[in-house]
Amino acid sequence: MSLEIYIPASLPFAAALLMSWRQPRMHPAWTARILAVLIGATVLAVLCTLLFAILAAVTAVTAADAGIVGDFFLEHGPVPMPVAVVAALALCAMTVAGVRTVLRQRADLRHVRNLGTGVVADERPFAAALPGRDGGVILSTGLVRLLTGRELEVVLRHEAAHIKHRHHLYLMFGALAARIVPALAGAHRALRLALERWADEDAAEAVGDRALTARTIARVALANPAATPAWYPGAADFQVARRVQALLRETPPDNRITGPVLLSGAWMATGSAISPTFSHYASFVLLLV
Amino acid sequence: MPRRKLGQLEAEVLAVLAGADDFLSPGDIAERLEGGTAYTTVNTILFRLLEKNLVERARKGRAYVYRLTADESGLAAERMFGHLRLAHDPSGVLTHFVHGLSPEEEAALRALLDEHRSDA
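Residues numbered from 1 in each chain as written. Chains lettered and ligands numbered in written order. Predicted model: local features only at pLDDT ≥ 70, side-chain atom pairs only at ≥ 80, totals over all residues. Heavy atoms only, no water.

Draft legend 1. Representation of the overall build of chain B. On a plain count of helices and strands, chain B comes out with five helices and three strands. Counting from the amino terminus, chain B carries its helices and strands in the arrangement α-α-α-β-β-α-β-α. For chain B, the proportion of its 120 residues judged to be buried stands at 44%. Sequence separation of 24 or more characterises 44% of the internal contacts of chain B that already satisfy a separation of 6 or more. Accessible surface, chain B: about 6300 Å² in total, of which carbon and sulfur atoms supply 52%. (Helix = DSSP H or I, 4+ residues; strand = E, 2+ residues; numbered from the N terminus. Buried < 20%, exposed > 50% of the residue type's maximum accessible area, 1.4 Å probe, protein only. Contact = heavy atoms within 4.5 Å. Areas by Shrake-Rupley, 256 points an atom, 1.4 Å probe, with all protein chains shown as cover.)

Here's what the structure looks like:
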């Protein structure tokens, strides 16, 4: 077994790690899109690699077969059975985690849809966007009491941006990916930050006041009782502070050119990383048939 | 006009009302929304918001004018958010404005604000 079979999965993963560690100075909309592509590519490549290892171990490839489907099987060498067993176990665990997450997301969606939008009685000042065509915003009485009209406008513009750009799809996808491949937790966090920054930038543009937007975020955050976000074990990533800091700086460039270029670069890198795995996989299926 | 989602429009209409000090007519609101939203659409949204007690209206001449509800007694007080897990939303179904701060993050945020204030 050659180490090359790890390359497809490790390339997008390394890019996602790099991107979450050092976010390039670009508009958060592009950061979010690129991160989402890299996260998706990593999950796909990991799943394909595991499938490949399992298939390679259970299929006996001989030199005679190699003539039919190409000779890369022989180059890779046989995959030892223990590796395939580990791969199968990992694949099972990932499937279970993925299915459980999807079921929970569906239950949560149903719950918030039943709750509906509008103001809910709660002392904690919070606002949330409910996705979908019939969505809207959920505000707490605590928030309405805390903020001035202009500040409330910031919050509502922020939530409108979430709905407009379908951020819940990115978030649900990121949560699912991080459950399937736990190593993506950091990239998932970076994606969350990018999405909040994206909505912040939209809100700041709509109200035309970056400082007001920054102040509103800080006020709401400081008025919230300290929460220990249980789904970020041990991670102090200071998302609110980073959002406020970014708003106190000047408007980020909108990256009309670099954004699309980097995004398509990510797509192409993804494609070229995954396609060898896919072709290997396809030829194995051919061989089995 | 690109078809906007009702939820998005709802939030935008609320935002316009929140930013205004006075009652606004549907025409005023339509004017302040980007992308030329139709008057009838704004009316639909306002009706939805009225049903949810998010806005109140008054008569001005023959038309209605609206503003954000300031009266909390009209709010659905029995509608509790509940569901603690969703308040922390690990599954990404809800997009929250902010989350609560850890003591360290609170300190960092306060330092940042102080620094900015001294700059200004």
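Next, the rest of the story.
Draft legend 2. Representation of the packing of aromatic side chains within the structure. According to the stated counting rule, one finds one aromatic pair over all chains in the structure shown. Aromatic side chains Tyr170(A) and Trp198(A) sit 5.9 Å apart centroid to centroid with 80 degrees between the ring planes, which places their arrangement in the edge-to-face category. Taken together, the residues span a long stretch of sequence, with Tyr170(A) in helix α8 (residues 167-180) and Trp198(A) in helix α9 (residues 185-207) at a distance of 28 residues. The ring of Tyr64(B) carries the charged tip of Arg57(B) above its face, separated from the ring centre by 3.8 Å. (Phe/Tyr/Trp six-rings, centres within 6.5 Å; stacked < 30°, edge-to-face > 60°. Lys NZ or Arg CZ within 6 Å of the ring centre and 35° of its normal.)

Draft legend 3. A look at the pairing of strand β1 (residues 55-60) of chain B. Residues and elements named next belong to chain B. Pairing of β1 with strand β2 (residues 63-68), which is carried by six bridges, proceeds in the antiparallel orientation. Within β2, the position partnered with Arg 57 by the bridge is Tyr 66. Where β1 hands over to β2, the hairpin turn is made up of two residues, of which Gly 61 adopts a positive phi near 65 degrees. (Pairing = 2+ DSSP bridges.)

Draft legend 4. Representation of a nonpolar patch on the surface within the structure. Residues and elements named next belong to chain A. On the surface, a nonpolar cluster with roughly 390 Å² of combined accessible area is contributed by Val 58, Met 81, Val 85 and Leu 89. Of all the elements, helix α5 (residues 81-115) adds the most residues to the nonpolar patch, at three residues. The exposure class of Val 58 is exposed, given its relative accessible area of 54%. (Patch = residues over 30% accessible without salt bridge, like charges linked within 9 Å, V, L, I, M, F, W, Y side chains within 5 Å. Salt bridge = Lys/Arg side-chain N within 4 Å of Asp/Glu carboxyl O.)

Draft legend 5. Fine view of the state of the cysteines. Residue and element names in this part refer to chain A. Scanning all chains against the criterion turns up zero disulfides over all chains. Cys 92 supplies the cysteine sulfur nearest to Cys 48, a cysteine that is in no disulfide, at a spacing of 16 Å. Looking at Cys 48, the relative accessible area reads 7%, which means it is buried. Given the relative accessible area of 49%, Cys 92 is considered partly exposed. (Disulfide = S-S within 2.5 Å.)

Draft legend 6. Structural detail: the side chain of Thr101(A). Residue and element names in this part refer to chain A. Of note, Thr 101 is situated in helix α5. On the basis of relative accessible area, Thr 101 is assigned to the buried category, the value being 4%. With sequence-adjacent residues up to four places away left out, Thr 101 is seen in contact with Ala 175, Leu 176 and Arg 179.

Draft legend 7. Molecular detail of the sheet that holds strand β2 (residues 127-130) of chain A. As summarised here, the arrangement of the four strands in space is β1(A)-β3(A)-β2(A)-β3(B), forming an open sheet in which the pairing is mixed. Lying at the two open borders of the sheet, with one neighbouring strand each, are β1 (118-120) of chain A together with β3 (95-96) of chain B. Two strands pair when backbone bridges link them, and β2(A) and strand β3 (residues 136-140) of chain A are joined in this way by four bridges, in the antiparallel orientation. If you follow Ala128(A) over to β3(A), its bridge partner there is Ile138(A).

Draft legend 8. Main features of unusual backbone geometry. If you check the backbone angles, Arg166(A) has positive phi at about 50 degrees while not being a glycine. The residue Arg166(A) is located in the loop between α7 (149-164) and α8 in this model. In this structure Arg166(A) comes out as partly exposed when scored by relative accessible area, which is 43%. A positive phi is found at Asn53(B), a non-glycine position, where the angle reads about 65 degrees. Relative to the helices and strands, Asn53(B) resides in the loop between α3 (39-51) and β1.

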